[in-house]
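Notes for the structure review
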Amino acid sequence: MAKLTRFGRTILPGMLIIAFVLVAPFRATGGEVSTDPATLKRLVSEAYNKFKDLKEGKPADYIPELAKVPPDLFGVVIVTAKGEIYTAGDVDHAFSIQSVSKPFTAALVMQEQGSQSILEKIGVEPTGLKFNSILATQILPQVSVNPLVNSGAIAAVSMVKAKTAAERFNKILDFEDRLAGAKLKVIEDVYKSEAATNQRNRAHGYILFVSDRIYSDPMEAVDVYTRQCAIGVTAKQLAVMGATLANNGVNPITKARVIDARHVPKVLALMMMAGFYNESGLWAYTAGLPAKTGVGGGIVAVVPGKMSIVGFSPRVNDAGNSVRSAKAIEYIAEQLGANVFGSGR
Ligand code: GLN
């Protein structure tokens, strides 16, 4: 009895302290995602240095102008939901936003017409096929697939309420400006280059038209969509757009509310299921974060409530996803224990 009491009073607390000290370093992976400035600063430069020499993939060339972008550009950014910014590399180089614009136009439609309208008029199912798959558009006769593949994105553009194409585009641009907290500009050479070679997207427009799944003139919708894809953003600006999603719809730099909080989970759900196109399953399995990629080399990932993580690097793989950007984001997410499916969060 006396021995047990002594064990309880002195030895047991000592053992507990030793156990705590041993386990403490590993708690970060199971607890809150850290927003400690030193940690985020370190991770951004580690991710940059780890992958800066990776040459896998090549700049998209089906849009001729994209093949001219210097392939070695590489930038990594974190913007927290409180507005702190951490950067490494080429974070001020403006590149075309391309498909990364798609979730934001879907958000604009939700703002105007509610999130149910996306479900009813476009759809939300991932395709498992390439972003520009005609087959996917044909085999789903009720809906234009989802707003993050080309056909659904063209349909989303056609849903933006406007009397003219110019008004429709300006609404989209103004919405992106507010998300980025900056005046964004179209990269005209990219727009012209894609407008001259976007026959496949025009085919999507006509398929949607003959099955009543487009809500403005189809060629006008394709043209506005093409202009939307040519909007120039820097990695830093894109990270502010992502951080607005992470901050429940309020831009953490300008403090302006851009998206209603109730729509943010819907936008992130679309990104989780289809943000990486036919690699969305792989991305969910490896990084576990809602994200959106574009053939311009940008990727924005969102850690809800915490931060956005952005990579920019023009070399993309067969799915059209930037190789170094994906690796950099995956590395940071893993180090932070930011996987949204992690039970410890
Ligand atoms: N503008 C491009 C297209 O329509 C966007 C594709 C992408 O970024 N995946 O093909």
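Residues numbered from 1 in each chain as written. Predicted model: local features only at pLDDT ≥ 70, side-chain atom pairs only at ≥ 80, totals over all residues. Heavy atoms only, no water.

Observations concerning the site of the ligand
In the vicinity of the ligand, the contacting residues are Tyr62, Gln98, Ser99, Phe131, Asn150, Glu194, Asn201, Tyr225, Cys229, Tyr277, Gly294 and Val295. The separation between a nitrogen atom of the ligand and a polar side-chain atom of Gln98 is 2.6 Å. Contacts to the ligand include Val295, whose backbone N or O atom sits 2.8 Å from an oxygen atom. When isolated, the ligand has an accessible area of 290 Å², and the protein chains bury 99% of it. (Near = heavy atom within 4 Å. Polar contact = N/O pair within 3.5 Å; in protein donor to acceptor, adjacent residues only side chain to side chain. Areas by Shrake-Rupley, 256 points an atom, 1.4 Å probe, with all protein chains shown as cover.)

A look at the sheet that holds strand S6 (residues 231-233)
Read across the sheet, three strands follow the order S4-S6-S5 without closing on themselves; strand pairing throughout is antiparallel. Edge positions in the sheet fall to strand S4 (95-96) and strand S5 (185-186), since each of these pairs with one other strand and no more. With two bridges joining them, S4 and S6 adopt antiparallel strand pairing. Following the sheet pairing, Phe95 is matched in S6 by Val233. Running over the sheet, helix H11 (residues 235-246) touches S4 and S6 and is turned about 95 degrees from S6. (Pairing = 2+ DSSP bridges. Helix = DSSP H or I, 4+ residues; strand = E, 2+ residues; numbered from the N terminus. Contact = heavy atoms within 4.5 Å. Axes fitted to C-alpha atoms, helices over the stretch in contact; angles between N-to-C directions.)

Points about the packing of aromatic side chains
Under the defined criterion, the tally for this structure stands at six aromatic pairs. Where Phe51 meets Tyr331, the ring centres are 6.4 Å apart and the plane angle is 70 degrees; that geometry is what we call edge-to-face. Of this pair, Phe51 sits in helix H2 (residues 37-51) while Tyr331 sits in helix H14 (residues 323-336), placing them 280 residues apart in sequence. With a relative accessible area of 15%, Tyr331 lands in the buried category. Ring centres 4.1 Å apart and planes at 5 degrees place the aromatic pair Phe95 and Phe312 in the stacked group. Highlighted residues: Phe95 in strand S4 and Phe312 in strand S9 (residues 307-312), separated in sequence by 217 residues. Neither residue differs from the other here; Phe95 and Phe312 are each classed as buried. (Phe/Tyr/Trp six-rings, centres within 6.5 Å; stacked < 30°, edge-to-face > 60°. Buried < 20%, exposed > 50% of the residue type's maximum accessible area, 1.4 Å probe, protein only.)

Re the environment of Ala328
Along the chain, Ala328 falls in helix H14. Separated by 285 residues in the primary sequence, Ala328 and Leu43 place their C-alpha atoms 9.3 Å from one another.

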